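# Remarks on the overall topology
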Amino acid sequence: MSLRCYNCKEEIFLSSTENIARSEECPKCYVNLRACRMCDFYDKNSYNECREPMAERIVDKEKPNFCDFYKINTGINKEQVKNDALAAANALFKK
């Protein structure tokens, strides 16, 4: 399974994304992978920057934590998808 580091954007290959250890780090920049910033529920526009309403509040989103709802974000970068769709729409309706 591959994913991208939120800090350096390096592609990381993991054997399993089911159980990410708290000590798991990016091999290039050494930031923790089991941090809110790497979670699928992380959303800087949501309350407490988390879309999971039952999750406890975690102040530092870049430090490893014990959140029970943690799910590694292996999907496509949602911000990039949004920007690509906007660019396609602008190109379509360009005068």
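Residues numbered from 1 in each chain as written. Predicted model: local features only at pLDDT ≥ 70, side-chain atom pairs only at ≥ 80, totals over all residues. Heavy atoms only, no water.

## Looking at the overall build of the protein
From N to C terminus, the protein includes 1 helix and 2 strands. Secondary structure of the protein in N-to-C order comes out as β-β-α. Here the protein, with 95 residues, has 26% of them falling under the buried criterion. As presented, the protein carries roughly 7,300 Å² of accessible surface, and 50% of it is formed by carbon and sulfur atoms. (Helix = DSSP H or I, 4+ residues; strand = E, 2+ residues; numbered from the N terminus. Buried < 20%, exposed > 50% of the residue type's maximum accessible area, 1.4 Å probe, protein only. Areas by Shrake-Rupley, 256 points an atom, 1.4 Å probe, with all protein chains shown as cover.)

## A short note on the packing of aromatic side chains
The tally for this structure, following the rule as stated, stands at 0 aromatic pairs. Geometry around Phe66 places Arg22 over its ring, the cationic atom sitting 4.1 Å from the centre. (Phe/Tyr/Trp six-rings, centres within 6.5 Å; stacked < 30°, edge-to-face > 60°. Lys NZ or Arg CZ within 6 Å of the ring centre and 35° of its normal.)

## Some points on the nonpolar core
Counting 17 residues, the largest nonpolar core has Ile12, Met38 and Tyr70 as the members making the most contacts within it. Beyond its immediate stretch of four places on either side in the chain, Ile12 contacts Met1, Ser2, Leu3, Cys5, Cys26, Pro27 and Leu33. (Core = buried A, V, L, I, M, F, W, Y, C linked by side-chain atoms within 4.5 Å. Contact = heavy atoms within 4.5 Å.)

## Topic: the environment of Ile20
Considering the arrangement of structural elements, one finds Ile20 in the loop between strand E2 (11–13) and helix H1 (78–92). Once the C-alpha coordinates of Ile20 and Tyr70 are considered, the two residues, 50 residues apart in sequence, prove to be 9.3 Å apart. Filtering out sequence-adjacent residues up to four positions away, Ile20 remains in contact with Leu14, Leu33, Arg34, Tyr70 and Ile72.

## A word on the confidence of the model for the protein
Of all residues in the protein, 88% attain a pLDDT of 70 or more, and the chain-wide mean is 85. Across the protein, element-level confidence peaks in E2 with a mean pLDDT of 85 and bottoms out in H1 with 78. (pLDDT = per-residue confidence, 0-100.)

## So, the side chain of Lys61
Relative to the helices and strands, Lys61 is located in the loop between E2 and H1. A distance of 2.8 Å separates a polar side-chain atom of Lys61 from the backbone oxygen of Ile58. Beyond its immediate sequence surroundings of up to four residues, Lys61 is in contact with Ala35, Cys36, Arg37, Tyr42, Asn48 and Glu49. (Polar contact = N/O pair within 3.5 Å; in protein donor to acceptor, adjacent residues only side chain to side chain.)

## Topic: the pattern of salt bridges
Pairs can form between side chains of opposite charge once their charged atoms are near each other. Taken as a whole and assessed by the stated rule, the structure comprises 5 salt bridges. A salt bridge links Glu11 to Arg4; its shortest N-O distance comes to 4.0 Å. Linking Asp40 and Lys71 is a salt bridge whose minimum nitrogen-to-oxygen distance equals 3.9 Å. Pair noted here: Asp40 is in the loop between E2 and H1 and Lys71 is in the loop between E2 and H1, with a separation of 31 residues, a long-range link. Of the residues examined, Lys71 reaches a relative accessible area of 47% and is grouped as partly exposed. (Salt bridge = Lys/Arg side-chain N within 4 Å of Asp/Glu carboxyl O.)

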